[in-house]
4 protein chains.
Amino acid sequence: MTVRRGGAPRSEAARIAILEATARQVVERGFAHMTVEGIAADAHVGKQTIYRWWSDKSELVAECMVEGYLLPDLLTVSSTADLRDDLRRALTAQFAFADDPAHASLLRSLIAAATDNAAIADRVRQALSADGLLRRRLDQGVADGDLPPGSPTKTIAEAIAGAFVLRVLLRTPPGNVSDEVERLLDAILGTGIAPAE
Amino acid sequence: MTVRRGGAPRSEAARIAILEATARQVVERGFAHMTVEGIAADAHVGKQTIYRWWSDKSELVAECMVEGYLLPDLLTVSSTADLRDDLRRALTAQFAFADDPAHASLLRSLIAAATDNAAIADRVRQALSADGLLRRRLDQGVADGDLPPGSPTKTIAEAIAGAFVLRVLLRTPPGNVSDEVERLLDAILGTGIAPAE
Amino acid sequence: MTVRRGGAPRSEAARIAILEATARQVVERGFAHMTVEGIAADAHVGKQTIYRWWSDKSELVAECMVEGYLLPDLLTVSSTADLRDDLRRALTAQFAFADDPAHASLLRSLIAAATDNAAIADRVRQALSADGLLRRRLDQGVADGDLPPGSPTKTIAEAIAGAFVLRVLLRTPPGNVSDEVERLLDAILGTGIAPAE
Amino acid sequence: MTVRRGGAPRSEAARIAILEATARQVVERGFAHMTVEGIAADAHVGKQTIYRWWSDKSELVAECMVEGYLLPDLLTVSSTADLRDDLRRALTAQFAFADDPAHASLLRSLIAAATDNAAIADRVRQALSADGLLRRRLDQGVADGDLPPGSPTKTIAEAIAGAFVLRVLLRTPPGNVSDEVERLLDAILGTGIAPAE
DNA sequence: CAATAACCGAGACGGTACGTCTGGTCTTCAG
DNA sequence: CTGAAGACCAGACGTACCGTCTCGGTTATTG
């Protein structure tokens, strides 16, 4: 292991102030328009203290997300007997979140950041799929016989997340959320009517 | 109507040089790191000639895409009697395109640009869904009885596009493309086995 | 010759504003403590406009001096029949100037600048020797027989300037100026009494 | 008096390493461009160890000079019966020293330092006038009748030092040293010919 | 001989300024 | 009036140092 060779240890207070300021700046200005200088000023910190520990602003945002300063898990997947209803609840909440223009704007910022930084991308996916909760509920659906055996639950979960991402990217105007959710459920789970033979 | 009051007409040569330079810069540097100054130099054009006709770099990229300098339609959807095979062909080609790291990087740049500019976002969706071709093939599938009547074909097409976008965003390592495509088809079309009652 | 190929010509207004601001900053802060950023702000000018035309702050100060924004000629050498009296008047005025602490401080700043930049050094010498006026009066003194024929008038003028520079450098407290001037004249012109054989 | 209440005594090794490093840095970078951090690194010493004992870099340089790490006494004034010859020897050595560009550069650095710090200025004057040796030889010249009674020997010594300082400042190109020395002696001592009546 | 105190090397900290790069605007001249 | 060229003001970039503070560790003196 690395031996401490003198010097003050890293300041946790500074680290937290910087991450909080970063989160504020992402929300206020967006990823593209926020500046390291602005973060330093907001956090009452020297710029060098930022550059000492992070190489660029996408690293900052990545750590912000990992530490949960930016994006809560958007999905909370309930687990009743009714798979479709559980998913409906979860997706409705997620879509409603994105219908707030400020939230949509934040999400677009994070998508932009994700194009720069794989860690952010992964964290976005985690947030969007409730870090596996969604997939686990789908697996349960397979076990319960609500989904065909062998259903690719991981892929289904990613298709749901992807549909959501694209909706945010396309700025789909907040329409009738429940209709949209229903259509997405139809697309993923089938219309509930067995396909024609 | 606005009366033209003399002077030289807009130079088509300059316009084309600028769009070509923009396309080059997106590929070489990525959307976030390219500069208007760099484009002007690359196109041997004054900065003002750019600012006179476009308000910012996302407008430039948007026009580039519309004019086809940047992204070809990624899907070419065939129309045989077998829906699943038609989709398989289309998606396989699309996934293969994204497996080239340079292409994936370009796509991420365009996603970043799309977060800034709705026109780009829409154009990305168009490219990803072959400007409606995919949806039309799905509609045909409904008509042929390959999909249940009332299937939300638009939503299905967007889920497919979304799954692809998320794959690009997450930098999913190029694995077994045919398996992944198969899983995505399973997710969207069902496993081919009627869900248990 | 170089052909102008377009682009706005250099702004004379900006150039003057920068030189004036530089002069103000030298006086207010001193050469060592003034900043390019401060000058830019004072002159309401972008930093690049400074760096485009000057390589560093000693170049700025040099141009300031050449243009006369900073240091007037300190000597005005009269030309009566009495060499010693002419020099007395000139040196007394110069010493009195340096007795103002602000002036002394400015002179030290310029000496510091001169250690960086030969052009400044030469301009300081010019200012100190009235750009040759002093030497010409000494030559006249030789012609009049007030100085021995063959007297090294250039060296004498430099010794006078050097004595003054050293006085400024040493911060010799403002004492009895007329005594000091008299002693310097004695040193340079002799005590007026022929040396003992 | 202040009572020592325990603790390690000041490290002489560190003090010497710092002064040596300071001297190296003055020579290598010049006073204006050397840094405390560079000195600390060069001396393998913590910055605080410097700031604990010196307030700024001009203090460091001042102590360097007092301790003789930087500038030897440039004059060694011999004391034969011939005043002019004694001075000629001394000045020739001094001028020859300054003809080495590295020495001239060091002297300019010290002049720059002297503009910041009166102690350095005084030490420079001391070095240049051999700490009074020159003046004492001039006094001897008065006693011997080589100079008029009442000659202002202090002022003469300072004029000699000043002429030398100005020569260094002006970067007078190394020309014929013996001629220059001769002219300076003429300027100070007279041409050796009694002035015309 | 433990406790205390001042020292030491190392290096993180909040800052200021550097010199460069780019954004968007404005100004010239050529066509 | 367009377009190439490029100067302009503004301000962020990432780096270098400033002078202070905080570590772990090392001598001395003192109770």
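Within each chain, residue numbers correspond to sequence positions counted from 1 in written order. Think of it this way: whatever chain is written first is A, whatever ligand is written first is 1, and the rest follow in order. In view of the model being predicted, local features appear only for residues whose pLDDT reaches at least 70, and side-chain atom pairs are presented and counted only at 80 or more, with totals across whole chains, interfaces and linings using the full set of residues. The side-chain values count all of the structure's non-hydrogen atoms but skip hydrogen atoms and water molecules.

Asks: How would you summarise the packing of helix α9 (residues 153–169) of chain C against helix α9 (residues 153–169) of chain D if you had to cite specific residues and measurements?
Replies: Two elements in contact, α9(C) and α9(D), have axes whose closest approach is 7 Å; the angle formed by their N-to-C orientations is 95°. Between α9(C) and α9(D), the crossing angle belongs to the class labelled roughly perpendicular. Judged by residue contacts, Glu158(C), Ala159(C), Ala161(C), Gly162(C), Ala163(C), Val165(C) and Leu166(C) of α9(C) engage Glu158(D), Ala159(D), Ala161(D), Gly162(D), Ala163(D), Val165(D) and Leu166(D) from α9(D). For this classification, the nonpolar set comprises Ala, Val, Leu, Ile, Met, Phe, Trp, Tyr, Cys and Pro, the charged set comprises Asp, Glu, Lys and Arg, and every other residue, Gly included, is treated as polar. Taken together, the residues of the contact of α9(C) with α9(D) break down into 10 nonpolar, 2 polar and 2 charged. To get an axis, fit a line to the C-alpha atoms, keeping to the stretch in contact for a helix; angles then go from 0 to 180 degrees between the N-to-C directions. Counting from the N terminus, the helices are DSSP H or I runs at least four residues long and the strands are E runs at least two residues long. Under this scheme an angle from 65 to 115 degrees is roughly perpendicular, one under 35 degrees roughly parallel, and one over 145 degrees roughly antiparallel; angles in between are oblique. Any two residues whose heavy atoms approach within 4.5 Å at even a single point are treated as in contact.

Asks: A description of the UniProt feature "DNA-binding region" (unreviewed entry) in chain A should follow, citing residues and the corresponding values.
Replies: As annotated by UniProt and renumbered to match this structure, "DNA-binding region" (unreviewed entry) occupies residues 35–54 of chain A. Structurally, residues 35–54 of chain A comprises 70% helix and 0% strand, and the distance from its first C-alpha atom to its last is 14 Å. UniProt positions are given in the numbering used here, feature names are shortened, and annotations may be inferred rather than shown by experiment.

Asks: Go over the interface of chain B and chain A, please, and point to the residues and values.
Replies: Contacts between the two partners involve 40 residues from chain B, matched on the other side by 39 residues from chain A. In short, buried area is how much 1.4 Å probe accessible area vanishes from two parts on joining, totalled over both. With both chains or domains summed, chain B and chain A bury close to 3,200 Å², and 72% of this area falls on carbon and sulfur atoms. Ranking the residues of chain B by area buried against chain A places Thr115(B), Leu166(B) and Leu170(B) at the top, with a combined share of 17%. Basic side-chain nitrogens of Lys or Arg form a salt bridge, by our definition, when they fall within 4 Å of a carboxyl oxygen of Asp or Glu. Where chain B touches chain A, the interface holds 0 salt bridges. We define a polar contact as two N or O atoms separated by no more than 3.5 Å, with the added condition that, inside protein, one atom must be a possible hydrogen donor and the other a possible acceptor, whereas residues neighbouring each other in sequence contribute only through side-chain atom pairs. For the pair chain B and chain A, the number of links is 4 residue pairs in polar contact (both at pLDDT 80 or more). Listed by contribution, the elements that provide at least two residues to the side of chain B that touches chain A are α6 (101–116), α7 (118–128), α9 (153–170) and α10 (177–189) of chain B. Ranked by residue count, the leading element in the side of chain B that touches chain A is α9(B), at 11 residues. Class assignment of the residues belonging to the side of chain B that touches chain A gives a composition of 23 nonpolar, 9 polar and 8 charged.

Asks: Requested: an account of the UniProt feature "domain: HTH tetR-type" (unreviewed entry) in chain A, with residues and values cited.
Replies: Mapped onto the present numbering, the UniProt feature "domain: HTH tetR-type" (unreviewed entry) falls on residues 12–72 of chain A. As a span, residues 12–72 of chain A carries 69% helix and 0% strand, and end to end its C-alpha atoms are 22 Å apart.

Asks: Lay out α9(B) with the relevant residues and their values.
Replies: Here the expected span of a helix is defined as 1.5 Å times the quantity of residues minus one. With 18 residues, α9(B) should reach 26 Å at 1.5 Å per residue; the first-to-last C-alpha distance of 26 Å fits that figure. Looking one or two residues beyond α9(B), the residue adopting positive phi is Arg171(B), at roughly 55°.

Asks: Explain the packing of aromatic side chains to me, and be specific about the residues and the numbers.
Replies: Residues and elements named next belong to chain A. The pairing test for Phe, Tyr and Trp rings, Trp by its six-membered ring, is centres within 6.5 Å, and the orientation test on the planes gives stacked under 30 degrees, edge-to-face over 60, and tilted for anything in between. Under the criterion given, the structure shown has 4 aromatic pairs over all chains. Seen in terms of ring centroids, Phe95 and Phe164 are 5.7 Å apart; in terms of plane orientation they differ by 50°. Their pairing is tilted. In this pair, Phe95 is assigned in helix α5 (residues 83–99) and Phe164 in helix α9 (residues 153–169), connecting sequence segments 69 residues apart. Of the two residues examined, Phe95 and Phe164, each falls in the buried class. Throughout, exposure labels follow a simple rule: accessible area from a 1.4 Å probe, protein chains only, divided by the maximum for the residue type, with under 20% read as buried, over 50% as exposed, and the rest as partly exposed.

Asks: So what's going on with the protein's contact with DNA strand F? Which residues, and what values?
Replies: In the neighbourhood of DNA strand F, 48 residues make up the surrounding shell, with Tyr51(A), Ala8(B), Ser11(B), Gly7(C) and Tyr51(D) lying closest. At 3.5 Å, a backbone N or O of Ala8(A) approaches a base oxygen of DNA strand F. Thr49(B) places a polar side-chain atom, nitrogen or oxygen, 2.8 Å from a phosphate oxygen of DNA strand F. At the level of elements, α2 (36–42) and α3 (47–53) of chain A, α3 (47–53) of chain B, α3 (47–53) of chain C together with α2 (36–43) and α3 (47–53) of chain D are the ones that each hand at least two residues to the surface near DNA strand F. When residues of the surface near DNA strand F are assigned to their parent elements, the largest contribution, 5 residues, is made by α3(C). For this purpose, a residue is taken to be near a molecule or strand whenever a single non-hydrogen atom of the residue falls within 4 Å of it.

Asks: Describe the protein's contact with DNA strand E, naming the residues involved and giving the relevant values.
Replies: Taken together, 45 residues lie near DNA strand E, and Gly7(A), Val36(C), Lys47(C), Tyr51(C) and Thr49(D) sit nearest. Counting only the atoms of DNA strand E within 4 Å of the protein, the fraction contributed by sugar and phosphate is 64%. Within the side chain of Lys47(C), an N or O atom sits 2.7 Å from a base oxygen of DNA strand E. For the surface near DNA strand E, the secondary-structure elements that each account for two or more residues are α3 of chain A, α2 (36–42) and α3 of chain B, α2 (36–43) and α3 of chain C together with α3 of chain D. Considering only residue class, the surface near DNA strand E consists of 15 nonpolar, 19 polar and 11 charged.

Asks: Lay out the pattern of salt bridges with the relevant residues and their values.
Replies: Overall, the coordinates contain 56 salt bridges over all chains when judged by the stated rule. In this structure, the salt-bridge partner of Glu37(C) is Lys47(C), at a minimum N-O distance of 2.8 Å. Of this pair, Glu37(C) sits in helix α2 while Lys47(C) sits in helix α3; the two residues are 10 residues apart in sequence, bridging distant segments of the chain. Look at Glu37(C) and you get exposed, because its relative accessible area is 52%. You can call Lys47(C) partly exposed: its relative accessible area is 39%. Residue Asp99(D) pairs with Arg167(D) through a salt bridge whose shortest N-O separation is 2.8 Å. You can see Asp99(D) sitting in helix α5 (residues 83–99) and its partner Arg167(D) sitting in helix α9, a full 68 residues away along the chain. If you follow the salt bridges from partner to partner, you end up with Arg84(A), Asp85(A), Arg88(A), Arg89(A), Glu182(A) and Asp186(A) in one network.

Asks: Now, about α9(C): what can you tell me, with residues and values included?
Replies: Each turn of an α-helix holds 3.6 residues, which means side chains three or four residues apart point in the same direction. Over its 17 residues, α9(C) runs 24 Å from end to end, which matches the ideal 24 Å to within 8%, given 1.5 Å per residue. Extensive coverage of α9(C) is indicated by the burial of 15 of its 17 residues.

Asks: Which residues make up the relation of the copies chain B and chain A, and what values do they have?
Replies: The copies were overlaid by least squares, fitting only the C-alpha atoms of residues that reach a pLDDT of 70 or more in each copy. Structural alignment of chain B on chain A gives an RMSD of 0.3 Å, achieved by rotating through 179° and translating 0.0 Å along the axis. Such a turn and shift between the copies fits a two-fold axis. Within chain B, Gly162(B) has its C-alpha nearest the rotation axis, a separation of 1.9 Å. Residue by residue, 98% of the interface of chain B is reproduced at the interface of chain A, so both copies engage with the same surface.

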